[in-house]
Number of protein chains: 2
Amino acid sequence: MEKKDAIAALAALAQETRLDIFRLLVQAGPEGLAAGHIGERLNLASATLSFHLNQLRHAGLAGFRREGRSLIYAAEYAAMNTLLAYLTENCCQGDSAACGAGGCDGSGVTDAAQIFPGD
Amino acid sequence: MEKKDAIAALAALAQETRLDIFRLLVQAGPEGLAAGHIGERLNLASATLSFHLNQLRHAGLAGFRREGRSLIYAAEYAAMNTLLAYLTENCCQGDSAACGAGGCDGSGVTDAAQIFPGD
DNA sequence: TCCATATCTCCATAGAGTTGGAGATATGGA
DNA sequence: TCCATATCTCCAACTCTATGGAGATATGGA
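The residue numbers shown here count from 1 along each chain, following its written sequence. Chains and ligands are labelled by the order in which they are written, letters from A for the one and numbers from 1 for the other. For a predicted model such as this one, the threshold for reporting local features is a pLDDT of at least 70, and the threshold for listing and counting side-chain atom pairs is 80 or more; totals across whole chains, interfaces and linings nevertheless cover every residue. Side-chain measures were taken over the full set of non-hydrogen atoms in the model, leaving aside hydrogen atoms and water.

Colleague: Pulling in residues and values, what's your account of the nonpolar core?
Modeller: One finds A:Ile38, A:Leu61, B:Ile38 and B:Leu61 to be the most contacted residues of the largest nonpolar core, which totals 66 residues. Between two residues, a contact is recorded if the distance between any of their heavy atoms is within 4.5 Å. Every residue in contact with A:Ile38, bar those within four places of it in the chain, is listed here: A:Ile21, A:Leu24, A:Leu25, A:Leu33, A:Leu49, A:Leu53 and A:Tyr73. The term nonpolar core refers to a set of buried residues drawn from Ala, Val, Leu, Ile, Met, Phe, Trp, Tyr and Cys, joined through side-chain atoms within 4.5 Å. Note on classification: 1.4 Å probe, protein chains only; a residue is buried when its accessible area is under 20% of the maximum for its type, exposed when over 50%, partly exposed between these limits.

Colleague: So, the sheet that holds strand 3 (residues 70–75) of chain B: which residues are in play, and what are the values?
Modeller: All names here are of chain B. Should DSSP find at least two bridges between two strands, the strands are regarded as paired. Helix numbering and strand numbering both begin at the N terminus, where a helix is a DSSP run of H or I of at least 4 residues and a strand a DSSP run of E of at least 2. Strand order in this open sheet of three strands is 1-3-2, and the pairing throughout is antiparallel. Taken across any chain shown, the strands that pair with only one partner, and hence form the sheet edges, are strand 1 (33–34) and strand 2 (62–67). With six bridges connecting them, strand 2 and strand 3 associate as antiparallel partners. Its bridge partner being in strand 3, Gly-63 is matched across the sheet by Ala-74.

Colleague: Could you give an account of the protein's contact with DNA strand D, naming the residues involved and the relevant values?
Modeller: Within the structure, DNA strand D sits among 21 residues, and A:Gly36, A:Ser46, A:Tyr73, B:Arg18 and B:His52 are positioned closest to it. Protein-adjacent atoms of DNA strand D, using a 4 Å cutoff, are sugar or phosphate at a proportion of 69%. Between N or O atoms, a polar contact is any pair within 3.5 Å; within protein, one atom must be a potential hydrogen donor and the other a potential acceptor, and residues adjacent in sequence are included only when both atoms are from side chains. A:Arg69 is positioned with one of its backbone polar atoms (N or O) 3.4 Å from a sugar or linking oxygen of DNA strand D. One of the side-chain nitrogen or oxygen atoms of A:Tyr73 is found 2.4 Å away from a phosphate oxygen of DNA strand D. Broken down by secondary-structure element, the contributors of at least two residues to the surface near DNA strand D are helix 3 (35–42), helix 4 (46–58) and strand 3 (70–75) of chain A together with helix 2 (16–28) and helix 4 (46–58) of chain B. Under the grouping applied here, Gly and all other residues not named as nonpolar or charged are polar, the nonpolar ones being Ala, Val, Leu, Ile, Met, Phe, Trp, Tyr, Cys and Pro and the charged ones Asp, Glu, Lys and Arg. Considering only residue class, the surface near DNA strand D consists of seven nonpolar, ten polar and four charged. Near, as used in this document, describes a residue that has one of its heavy atoms within 4 Å of the molecule or strand being considered.

Next comes the structure, spelled out in structure tokens:
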């Protein structure tokens, strides 16, 4: 993952409305939710909702499919895993002694970051 | 963790300079780095550096201690774990069938998010 | 005490992000 | 084809954020 992608994903989540949307999608699971449904649940104007869904989509954190007149949005778990790996890359310079003692897991890499299996 | 804390942490990381600083601290490990050292490595004006270090600190992602004339900053791993747990809270409504198939780990809770042990 | 070093705070400017009204577009049914 | 529904795009006003110069503050040594 490149820096700009990580920043895009973090910025997408660093906003109350989008964080609410994302968590709603995470809770909804892979089946997702219709845009209108999300708007109702969070009480959002359609322009506002559309804007934020686009941000999440462009950041790679949400995908969508059409079902009749509805667009169904769902969280992209893989993107989250990639982001976490980026954040912990080369943790403690791979020095497992330092890592284990004070902080991370000492792997220096971070497959452990896959909190959302399913990639 | 409350929503505002999560947003503060995400917003802190969603900025190129701060993301660079944070990753540098993660790589440095629990011993941390002096502010001046960070500024040199990333070529930042002192006002700019100070501003961003404060943002990270207020977001709970970095702590510091004084050592002589230097302030040594270090990443706060626990805060990251808390943030991840918040993001994945009640994932897939705890429905492990849906979770396992399409995305997360089905736990519905997220101790699995502790990619930075050491809390 | 006086100076150099390390870092911080204040402030003004420039730039980026958020919101919602109005209207456009796409789908499904009569 | 015509209409209702679901969602999107455009735009303008407003608000928040980042940057860096200038100067303040704290520590250590002579």
